[in-house]
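Take a look at the letters that make up each chain.
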Amino acid sequence: MKKLVKWCVGFWNIRQGRKSALFLLMATLSVVATVMLSLPLNAQTIPQKLPTHELRGVWLTNIDSDVLFERDRLKGSLQRLSELNFNTVYPAVWNWGYTLYPSKVAAKVIGRAIDPTPGLRGRDMLKEIVDVGHQKRLTVIPWFEFGFMAPADSLLAKNHLQWLTSRSDGTRIVKEGTHNRVWLNPFRPEVQQFIQDLIVEIVRNYDIDGIQFDDHFGLPSELGYDAYTVALYKKEHRGKAPSKNSKDPEWVRWRANKITDFMKRVFIAIKATKKDCIVSVAPNPQRFSYEYFLADWQKWERMGIVEDLVLQIYRDDLNVFVSELEYPEVKAAKSHIPVSIGILAGLKNRSIPMQQIQTQVQKVRDRNFAGVSFFFYETLWNMSKEKPLDRQTSFQKIFPTPTTYPNILADWKP
């Protein structure tokens, strides 16, 4: 550009004189300005205005990650997230059939008050996150990651076989990668009471800002054929047994509605314990959540028992990613509550390039969502093919200035 202008000035000084040169220079610059303004925003150097309130979250888990297993490491990680202008953390508190915090409820039902992993022994990891996180101005929303799921060989499963549900052929094991999982029956009163007691215990005993559930708060649709559930279904259908087709629409709807009833009960219990505790859900897109996990978050949102939605859209194909942002149920939810988008930062054996992450964040911002959250902490920069410092620098560019979590209970304006 500079060479073009310089050449024009020299040429016009020779041929037209100073006055003509000035006129033609101004005309040329006007054309250049018009061309520049016609370019896409990402081709310009003008900085974009960032939202004043934006969720900038990350999930902290004990799967393929050791961030939770040592006090100083955890403190340093929270410090770094704060420095990079993240504002929300979702620490796992219920995984592998154990609580990751000292729990009297778990001690009574499972026989252990906390996950036996050495790095958690003698500590209250959740209290550490709440204390340090709030010092660093981080919103802390514990994540009830496993929901009704448990390892097949866990104490919980072994000691409460009658609590487990099954397929129509009586089998119980559900594969998750290489792991054997079983599922607690979400329709049994004693299972519901146990899960609710765990949740209320966290809400009552910790200064948390909210609590989050996901698809595991539902049930794989192939399950639900245990004797208790079949008898309950028959009782409500004049003796008729449920369809052998696990995807039968009526059978799916009946189970999903039962789970919705429990979700409502949990919401009421949370609010009775701490009225300003945010109830957050981080599901897959509605079609998948409902069909495969009987988790009807669209209905939950319409009923007002979800106050914050973080939709997991883990897609590499940008067109598919964008299309998921445009579904009617997503737009409808966005008009009622803050809806943020969960973005995959990587997995243990799958590195996601920073360029993809940056592009997806921009697509989310272009559509005025409430923010983004990344799965999961370790893959932000520790578990990547790109250099950790380069990744951190890139996140600093995505979040150049601090901002606050959208206050849905006070000033959220859809």
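For the structure, see preceding data.
Residues numbered from 1 in each chain as written. Predicted model: local features only at pLDDT ≥ 70, side-chain atom pairs only at ≥ 80, totals over all residues. Heavy atoms only, no water.

Draft legend 1. Highlighting the overall build of the chain. Helices and strands together make up the secondary structure of the chain, namely 16 helices and 15 strands. Sorting the 414 residues of the chain into buried and exposed places 52% on the buried side. For the chain, the share of sequence-separated contacts (at least 6 apart) that also reach a separation of at least 24 residues comes to 76%. For the chain, the exposed area adds up to about 19,700 Å²; of that, 55% sits on carbon and sulfur atoms. (Helix = DSSP H or I, 4+ residues; strand = E, 2+ residues; numbered from the N terminus. Buried < 20%, exposed > 50% of the residue type's maximum accessible area, 1.4 Å probe, protein only. Contact = heavy atoms within 4.5 Å. Areas by Shrake-Rupley, 256 points an atom, 1.4 Å probe, with all protein chains shown as cover.)

Draft legend 2. Structural detail: the nonpolar core. Ile-195, Ile-199, Phe-213, Phe-217, Phe-374 and Leu-380 are the most contacted members of the largest nonpolar core, which has 113 residues in total. Take this core: its biggest share by element is eight residues, from helix H9 (residues 249-273). Here Leu-380 is in contact with Val-58, Leu-81, Phe-86, Ala-345, Phe-374, Arg-391 and Phe-395, once residues within four sequence places are set aside. Core analysis: the next-biggest nonpolar cluster, separate from the first, contains five residues, Tyr-225, Leu-232, Tyr-233 and Trp-251 among them. (Core = buried A, V, L, I, M, F, W, Y, C linked by side-chain atoms within 4.5 Å.)

Draft legend 3. Representation of the layout of surface pockets within the structure. As a volume, the second largest pocket reaches approximately 790 Å³. Every element with two or more residues in the lining of the second largest pocket is listed here: strand E8 (179-183) and helix H10 (286-293). A class-by-class count of the residues in the lining of the second largest pocket yields 13 nonpolar, eight polar and eight charged. (1 Å grid on protein atoms, 1.4 Å probe; cavity = no way out; pocket = protein on both sides within 12 Å on 5 of 7 lines; lining within 4 Å. Points joined across faces, edges and corners; volume = space filled by probe spheres on them. Nonpolar A, V, L, I, M, F, W, Y, C, P; charged D, E, K, R; others polar.)

Draft legend 4. Broad picture of the sheet that holds strand E6 (residues 149-151). With respect to topology, three strands assemble into an open sheet ordered E6-E8-E7, the strand pairing being antiparallel. At either end of the open sheet lies a strand with only one pairing partner, and these are E6 and strand E7 (174-176). Each strand of the sheet is rotated relative to its neighbour by a mean of 45 degrees, with strand direction disregarded. By the bridge criterion, three bridges tie E6 to E8 in an arrangement that is antiparallel. (Pairing = 2+ DSSP bridges. Axes fitted to C-alpha atoms, helices over the stretch in contact; angles between N-to-C directions.)

Draft legend 5. Structural context of the pattern of salt bridges. Here the structure, examined in full by the defined rule, presents 19 salt bridges. In this structure, Glu-54 and Arg-56 form a salt bridge, with 2.8 Å as the shortest nitrogen-oxygen distance. Neither Glu-54 nor Arg-56 differs from the other in exposure class; each is buried. With a closest N to O distance of 2.8 Å, Asp-316 and Arg-350 form a salt bridge. Of this pair, Asp-316 sits in the loop between strand E11 (308-312) and helix H12 (318-325) while Arg-350 sits in strand E14 (residues 350-351); the two residues are 34 residues apart in sequence, bridging distant segments of the chain. Given the relative accessible area of 43%, Asp-316 is considered partly exposed. One continuous salt-bridge network, built from bridges that share partners, spans Glu-54, Arg-56 and Arg-365. (Salt bridge = Lys/Arg side-chain N within 4 Å of Asp/Glu carboxyl O.)

Draft legend 6. Molecular detail of helix H14 (residues 354-366). Between its first and last C-alpha, H14 extends 18 Å over 13 residues, near the 18 Å set by a 1.5 Å rise per residue. By the burial criterion, the buried members of H14 are Met-354, Gln-356, Ile-357, Gln-360, Val-361, Val-364 and Arg-365. On its buried face, H14 sits against strand E1 (55-60), H12, strand E12 (339-344), strand E15 (371-375) and helix H16 (388-398). The positive-phi residue at the C-terminal boundary of H14 is Asn-368, with phi of around 60 degrees. (Expected span 1.5 Å × (residues − 1).)

Draft legend 7. Geometry of the sheet that holds E1. What the eight strands build is an open sheet, ordered E5-E2-E1-E15-E12-E11-E10-E9; its pairing is parallel. Every other strand in the sheet has two partners, leaving strand E5 (139-140) and strand E9 (210-214) as the edge strands with one partner each. As paired strands, strand E10 (residues 278-282) and E11 are joined by two bridges and run parallel to one another. Paired with Val-281 across the two strands is Leu-309, which belongs to E11.

Draft legend 8. A look at the pairing of E8. Here E7 runs beside E8; their pairing, made up of three bridges, is antiparallel. Among the inter-strand pairings, Val-174 is bridged to a residue of E8, identified as Arg-181.

Draft legend 9. Seen up close, the packing of H12 against H14. Running from N to C, H12 and H14 cross one another at 25 degrees; their axes reach a closest spacing of 11 Å. Relative to H14, H12 is oriented roughly parallel. Our pair here, H12 against H14, has a crossing hand that is right-handed. Along its contact with H12, which presents Leu-318, Phe-321, Val-322 and Leu-325, the element H14 presents Thr-359, Gln-360, Lys-363 and Val-364. Classifying every residue of the contact of H12 with H14 by side-chain character gives five nonpolar, two polar and one charged. (Parallel < 35°, antiparallel > 145°, perpendicular 65-115°, else oblique. Left-handed = near helix turned anticlockwise from the far one by under 90°.)

Draft legend 10. Fine view of the side chain of Ser-103. Mapped onto the fold, Ser-103 is located in the loop between strand E4 (98-99) and helix H4 (104-109). A distance of 3.3 Å separates a polar side-chain atom of Ser-103 from the backbone nitrogen of Val-105. (Polar contact = N/O pair within 3.5 Å; in protein donor to acceptor, adjacent residues only side chain to side chain.)

Draft legend 11. Main features of unusual backbone geometry. Here the bond from Phe-375 into Phe-376 is cis, since omega is 0 degrees, no more than 30 degrees from zero. Looking at where Phe-376 falls in the secondary structure, it is placed in the loop between E15 and helix H15 (378-381). Unusually for a residue other than glycine, Asn-368 sits at a positive phi of about 60 degrees. With respect to the secondary-structure elements, Asn-368 resides in the loop between H14 and E15. Of the residues examined, Asn-368 reaches a relative accessible area of 63% and is grouped as exposed.

Draft legend 12. Focus on the packing of helix H7 (residues 189-205) against H9. Interhelical geometry of H7 versus H9 gives an angle of 30 degrees and a closest axis separation of 10 Å. When the axis of H7 is compared with that of H9, the two are roughly parallel. With respect to the hand of their crossing, H7 and H9 are arranged in right-handed fashion. Residues Gln-192, Gln-193, Ile-195, Gln-196, Ile-199, Val-200, Val-203 and Arg-204 of H7 pack against Phe-262, Arg-265, Val-266, Ala-269, Ile-270 and Thr-273 of H9. Here the contact of H7 with H9 is built from residues that sort into eight nonpolar, four polar and two charged.

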